[in-house]
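# Close look at the chain arrangement
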Amino acid sequence: MTVFLTRFRLNPARVGARRLLGSPQSLHAAVLASFAEPPQQRPDGSRVLWRVDQQARSEVVLYVVSPDEPDLTHLAEQAGWPTTGGWKTRPYGTFLDRITADDVWAFRLTANPVHSIRRTPAEPTKRTAHVTPRHQVEWLLNRQEDAGFAVLEKPEPCEDLPPIDAYEVTAHSRKDLMFQKRGEKDTRTHQVKLSRVTFDGRLRVLDPAAFRRTLTSGLGKAKAYGCGLMTLARTE
């Protein structure tokens, strides 16, 4: 599998970085501009995914998973440190190929947990964000089996806690976004609303092939706007 994982640190002191961080559309366009040819979703489902992690005010990192190797020169010039900074890209396929059933990993995922509601039988369904951590975690648990993994249960869950708290996962850093998007078939714009939530936890791999697809094709909606990318780290 030919896949690349790229890490790029943005400089939030620069106007260009703040503009990108304030506009998921602009950052999506900047990520796609990192490729000489317009990136297309591959037959295996792999596509360009990206996520921004902000650990502190001055520590803002962009992660990109892509079928082709990117060139982030324009981002370094506009939103990074042009002379002392840069980006690190490494082949990701070898790591993915080594994933096996029952592997245990710490994970981070930023996603768009939504559900469809209909207030009356005659009303069309409407996509609506989950707003509470409990429902956000339920959203993830409802998708874990098809995505090839299982969130670990706590070794000694407290009987007094709700069932959702029996799992080693937290949902946090919810951010509601609103922006104007131009239609694909006309020049009119319409308002887009979405909610991004970050999940941190530990998981066990159930189906390596399905899990690799999750890591390279994303999980959930709004992948163009910084959602769907899961990354892994070693766990004790």
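Going by the structure above, here's the rest.
Notes on the structure in this doc start here. These numbers were taken from a predicted model, which means no experiment stands behind them. (Residues numbered from 1 in each chain as written. Predicted model: local features only at pLDDT ≥ 70, side-chain atom pairs only at ≥ 80, totals over all residues. Heavy atoms only, no water.)

## Focus: the pattern of salt bridges
- Overall, the coordinates contain nine salt bridges when judged by the stated rule.
- A salt bridge links R108 to D200; its shortest N-O distance comes to 2.7 Å. Residue R108 is found in strand β5 (residues 104-111), and its partner D200 is found in strand β10 (residues 189-205); the two are separated by 92 residues along the sequence.
- For R108, a relative accessible area of 19% translates into the label buried. (Salt bridge = Lys/Arg side-chain N within 4 Å of Asp/Glu carboxyl O. Helix = DSSP H or I, 4+ residues; strand = E, 2+ residues; numbered from the N terminus. Buried < 20%, exposed > 50% of the residue type's maximum accessible area, 1.4 Å probe, protein only.)

## So, the sheet that holds strand β2 (residues 49-56)
- Pairing in this open sheet of four strands is antiparallel, and the strands run β2-β3-β1-β4 from one edge to the other. Two strands lie at the open edges of the sheet, namely β2 and β4 (87-91), each paired on one side alone. For this sheet the average axis-to-axis angle between neighbouring strands, irrespective of direction, equals 15 degrees.
- Direction of pairing for β2 relative to strand β3 (residues 59-66): antiparallel, over a ladder of seven bridges. The partner of Q54 across the bridge, within β3, is V60.
- Its contacts with the sheet put helix α2 (residues 24-32) on β2 and β3, and the angle it makes with β2 is roughly 120 degrees. (Pairing = 2+ DSSP bridges. Axes fitted to C-alpha atoms, helices over the stretch in contact; angles between N-to-C directions. Contact = heavy atoms within 4.5 Å.)

## A look at unusual backbone geometry
- Phi is positive for D102, which is not a glycine, with a value near 75 degrees.
- Its place among the elements puts D102 in the loop between α4 (93-97) and β5.
- The residue S173 is not glycine, and still its phi comes out positive at about 55 degrees.
- Within the fold, S173 resides in strand β9 (residues 169-182).

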